Amino acid sequence: MSYLTEVQLQDLGFRSLGRNVRISDKASIYNADQIDIGDNSRIDDFCVISGCVTIGSHVHIAPFCLIAGGTEGVILEDFAGLAYGSQVFSQSDDYSGASLTNPTVNEKYKNVFRAKVKLGRHVIVGAGSIIFPGVTLEEGCSVGALSLVHKSTTPWGIYVGNPARRIKDRKQDLLALETAFLKEKNCDSI
């Protein structure tokens, strides 16, 4: 995988850009002036990132992911991650037939649902999963592969299925590992 250089990253015009950010030269970034990216985050090949998006530190977005932030926004907090082919949407057309759909139609003929999406700290979304507008994945949640999340979660749960449902609690051992990791990282940078 080939990453954009520091100059290329700066030239994209992000609203804010942390240190040690890695973005594949095969990723598509739209509306960079609406995107914030924290330190040590990575966006891999064939991802599409657009609209209002905030990416924290130590966030990984695997190949073929889509984040459609729209006007309401998508937030990925520190240590969150999207596995291969995951999709996150902050807006959706009305599929009921009560209005027209798609971006070629004037807004006055459409009924678009828009709502912010948030993935809390240490949230991991499994391959091929879809997160709908208005969903908050609370801290520490994991979402199994091929899940459809249309309702917000409670912290530290493991969610799977279509629609996703909580099947058990997620261990919190990683919080001690985060502390050790950050301590070691800070010692290395001194």
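Rules of the game
- Residues numbered from 1 in each chain as written.
- Predicted model: local features only at pLDDT ≥ 70, side-chain atom pairs only at ≥ 80, totals over all residues.
- Heavy atoms only, no water.
- Salt bridge = Lys/Arg side-chain N within 4 Å of Asp/Glu carboxyl O.
- Helix = DSSP H or I, 4+ residues; strand = E, 2+ residues; numbered from the N terminus.
- Buried < 20%, exposed > 50% of the residue type's maximum accessible area, 1.4 Å probe, protein only.
- Core = buried A, V, L, I, M, F, W, Y, C linked by side-chain atoms within 4.5 Å.
- Pairing = 2+ DSSP bridges.
- Phe/Tyr/Trp six-rings, centres within 6.5 Å; stacked < 30°, edge-to-face > 60°.

Visitor: Can you help me understand the pattern of salt bridges in this one?
Guide: When their charged atoms lie close together, side chains carrying opposite charge are able to pair. Following the criterion strictly, the structure yields 11 salt bridges and no others. Glu178 is paired through a salt bridge with Arg121; the nearest N and O atoms lie 2.0 Å apart. Taken together, the residues span a long stretch of sequence, with Glu178 in helix α2 (residues 174–188) and Arg121 in the loop between β15 (117–119) and β16 (124–125) at a distance of 57 residues. Ionic pairing is found between Asp169 and Arg166, a salt bridge with its closest N-O pair at 2.6 Å. Residue Arg166 is classed as partly exposed on the basis of its relative accessible area of 30%.

Visitor: Sorry if this is basic, but what is going on with the nonpolar core here?
Guide: The nonpolar side chains of soluble globular proteins are, as a tendency, buried together. If you look at the biggest cluster of nonpolar residues, it comprises 35 residues, and the most contacted ones within it are Ile23, Ile43, Ile61, Leu82 and Leu137. Those elements that provide at least two residues to this core are β4 (35–37), β7 (53–55), β10 (74–76) and β15.

Visitor: Got a minute to help me understand the sheet that holds strand β11 (residues 81–82) in this structure?
Guide: Hydrogen bonds between backbone groups are what pair the strands of a sheet, and the pairing can be parallel or antiparallel. The strand order across the open sheet formed by 8 strands is β2-β5-β8-β11-β16-β19-β21-β22, and the pairing between neighbours is mixed. The outermost strands of the open sheet, each flanked by one partner alone, are β2 (22–23) and β22 (164–169). Note that β11 and β16 share 2 bridges and pair parallel. Bridging across to β16, Gly81 finds its partner in Ile124.

Visitor: Got a minute to help me understand the packing of aromatic side chains in this structure?
Guide: For any pair of aromatic rings, the description consists of the separation of the ring centres together with the inter-plane angle of the planes. On inspection of all chains with the given rule, the structure shows 2 aromatic pairs. Geometrically, the ring pair formed by Phe46 and Phe64 is stacked, given 5.0 Å between the ring centres and 20° between the ring planes. Placement of Phe46 in the loop between β5 (42–43) and β6 (48–50) and of Phe64 in the loop between β8 (60–61) and β9 (66–68) is noted, with a sequence separation of 18 residues between them. We classify Phe46 as partly exposed; its relative accessible area is 43%.

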